[in-house]
Amino acid sequence: MTNSLRVNAPAKINWTLEILRVRPDGYHELRSVMQTIDLHDIITLTATDGDAITLGITGDASTLADDPPETNLACRAAVALRDRAGVRRGAHIVIEKHVPVAAGLGGGSSDAAAVLRGLNALWHAGLPHANLVEIAGEVGSDPPFFVVGGTAMVSGRGDYVEALPDAVAPSILLATPPQNDRGEKTAAMFAALSPHDFTEGEVTSGVREAVTAGRMLVDDGLTNAFERVTSKMQPETELAMNALRADGYVPHLCGAGPSFFLLYGGGADVAHELSARIRTLGFDACPTHALTRARALHMSEL
Ligand code: C5P
């Protein structure tokens, strides 16, 4: 029986992100159709004797390794699973970072979900899927989506996830600022919203319907409430998105930003041209595409 697993932790974009209201617990009630994409961190999990959870971080964001492990979502997920399942084993987690940190792409949340799925298998903890979604919700608002992966509609504060069929979508070009402020960005973006920015979730219902019917997603049906506060909160992103709008493109914010994405038809030459334009705006460009649920949840033994 294997002692090590490799699990991919894909990034996400939001086809829609609507905020309905502030809830009595202070969180925001949201409706979002989320999508895993083909850009991922690589997580190696090794089961160990004793009950220690240890962490190593390599790759593009190895500065994360300076953070205390208990603040890392992946470690918190491992501890929560170990305690909930009553497992008397430990794990060494190595995260090879490729997903930009604090960019609105869900990297840290995806790492946490990948650790839950992986350790559930490696430790033979045997927790059902619904329990993993629940534990993911204790770790944060985004991890539950990543336990499901593919295309899914998310509601509540992020903790209710309805799996949808894999979306049919054009190619995606991601634009990410080279450096992100890792502070309390998400909380600040939520706090900047006012009731004028709240909607009923109807755009999300429309996209859910389109996905369920297998219709190709197009710019027209997409929305993100946080775009209403980017001019105030993320002026560089606003400038870049406006420049692209002036060129006739339709940029969409990823989560609470500051990354955004464009949909494009055509092949590598279109991606190349669009990437060059995005780089002139001071953003990194990364051509990618929607990742199916089957591929998003893939794990392999080492
Ligand atoms: O759940 P998570 O720790 O990722 O959320 C970070 C912060 O974002 C929360 O403390 C809260 O201020 C805000 N948030 C919110 N409504 C949500 C999710 C997050 O207000 N649905």
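Since the structure is predicted, the reported quantities are computational estimates derived from the model, not experimental observations.

S.K.: What exactly am I supposed to notice about the nonpolar core here?
M.R.: Most often, soluble globular proteins keep nonpolar side chains buried together rather than apart. Ranked by size, the top nonpolar core spans 65 residues in total, and within it Ile19, Leu119, Trp123 and Phe226 carry the most contacts. A total of seven residues in this core trace back to one element, the largest contributor, which is helix α2 (residues 107-122). Excluding residues within four positions of it along the chain, Trp123 makes contact with Ala47, Ile53, Ala78, Leu81, Arg82, Val87, Arg89, Gly90 and Ala91. Within the second largest apolar cluster, 22 residues are counted, among which are Trp15, Leu105, Leu164 and Cys254.

S.K.: Even after reading the chapter, I still don't get the sheet that holds strand β11 (residues 284-288), so can you show me in this structure?
M.R.: Across a sheet, strands are paired by hydrogen bonds formed along the backbone, either parallel or antiparallel in direction. Read from one edge of the open sheet, four strands run β9-β10-β7-β11, paired in antiparallel fashion. Looking along the sheet, the strands with just one partner apiece sit at the ends: β9 (252-253) and β11. Across two bridges, β9 lies against strand β10 (residues 260-264) in antiparallel orientation. Its bridge partner lying in β10, Leu253 is registered against Phe260. Of the strands in this sheet, β9 and β10 touch helix α8 (residues 235-246), which is tilted by about 15 degrees from β10.

S.K.: Is there a simple way to think about the pairing of strand β2 (residues 28-48) in this case?
M.R.: Summarising burial for β2: 15 of the 21 residues are buried, a large majority. By the bridge criterion, 16 bridges tie strand β1 (residues 4-22) to β2 in an arrangement that is antiparallel. Bridge pairing in β2 links Arg21 to Glu29. Here β1 folds back onto β2 in antiparallel fashion, the turn holding five residues, of which Gly26 has a positive phi close to 95 degrees. Relative to strand β5 (residues 151-155), β2 is paired through four bridges, and the arrangement is antiparallel. Looking at the pairing, Met34 lines up with Ala152 of β5. In this structure, β2 lies alongside strand β4 (residues 90-97), joined through seven bridges in antiparallel fashion. Paired with Ile42 across the strands is Glu96, a residue of β4.

S.K.: How do you make sense of the environment of Pro100 when you look at a structure like this?
M.R.: On the secondary structure map, Pro100 appears in the loop between β4 and α2. Since its relative accessible area comes to 29%, Pro100 is described here as partly exposed. C-alpha separation for the pair Pro100 and Pro177, spaced 77 residues apart in sequence, amounts to 9.0 Å.

S.K.: What should I look at first to understand the site of the ligand in this one?
M.R.: Taken together, the neighbourhood of the ligand is formed by Gly26, Tyr27, His28, Leu30, Gly140, Ser141, Arg157, Thr186, Ala187 and Phe190. Here His28 contributes a side-chain N or O atom positioned 2.7 Å from an oxygen atom of the ligand. Within the side chain of Ser141, one N or O atom sits 2.6 Å away from an oxygen atom of the ligand. Secondary-structure elements contributing two or more residues to the shell around the ligand are β2 and α5 (185-192).

S.K.: Before we go on, may I ask you to explain the packing of aromatic side chains in this structure?
M.R.: Ring pairs (aromatic) are described by centroid distance and by the angle formed between their planes. All chains considered together, the criterion is met by four aromatic pairs. When the ring of Trp15 is compared with that of Phe261, the centres are 5.9 Å apart and the planes differ by 80 degrees; the resulting orientation is edge-to-face. Within this pair, whereas Trp15 is found in strand β1, its partner Phe261 is found in strand β10, the two being separated by 246 residues in sequence. Across this residue pair, the class does not change: Trp15 and Phe261 are buried. With 5.4 Å between their ring centres and 50 degrees between their planes, Phe260 and Phe283 make a pair best called tilted. One end of the pair, Phe260, is in strand β10; the other, Phe283, is in the loop between α9 (268-280) and β11, with 23 residues separating them in the sequence. Take Phe260: its relative accessible area is 1%, and that puts it in the buried class. The class for Phe283 is buried, based on a relative accessible area of 4%.

Each value, and the rule that gives it
- Residues numbered from 1 in each chain as written.
- Predicted model: local features only at pLDDT ≥ 70, side-chain atom pairs only at ≥ 80, totals over all residues.
- Heavy atoms only, no water.
- Core = buried A, V, L, I, M, F, W, Y, C linked by side-chain atoms within 4.5 Å.
- Buried < 20%, exposed > 50% of the residue type's maximum accessible area, 1.4 Å probe, protein only.
- Helix = DSSP H or I, 4+ residues; strand = E, 2+ residues; numbered from the N terminus.
- Contact = heavy atoms within 4.5 Å.
- Pairing = 2+ DSSP bridges.
- Axes fitted to C-alpha atoms, helices over the stretch in contact; angles between N-to-C directions.
- Near = heavy atom within 4 Å.
- Polar contact = N/O pair within 3.5 Å; in protein donor to acceptor, adjacent residues only side chain to side chain.
- Phe/Tyr/Trp six-rings, centres within 6.5 Å; stacked < 30°, edge-to-face > 60°.

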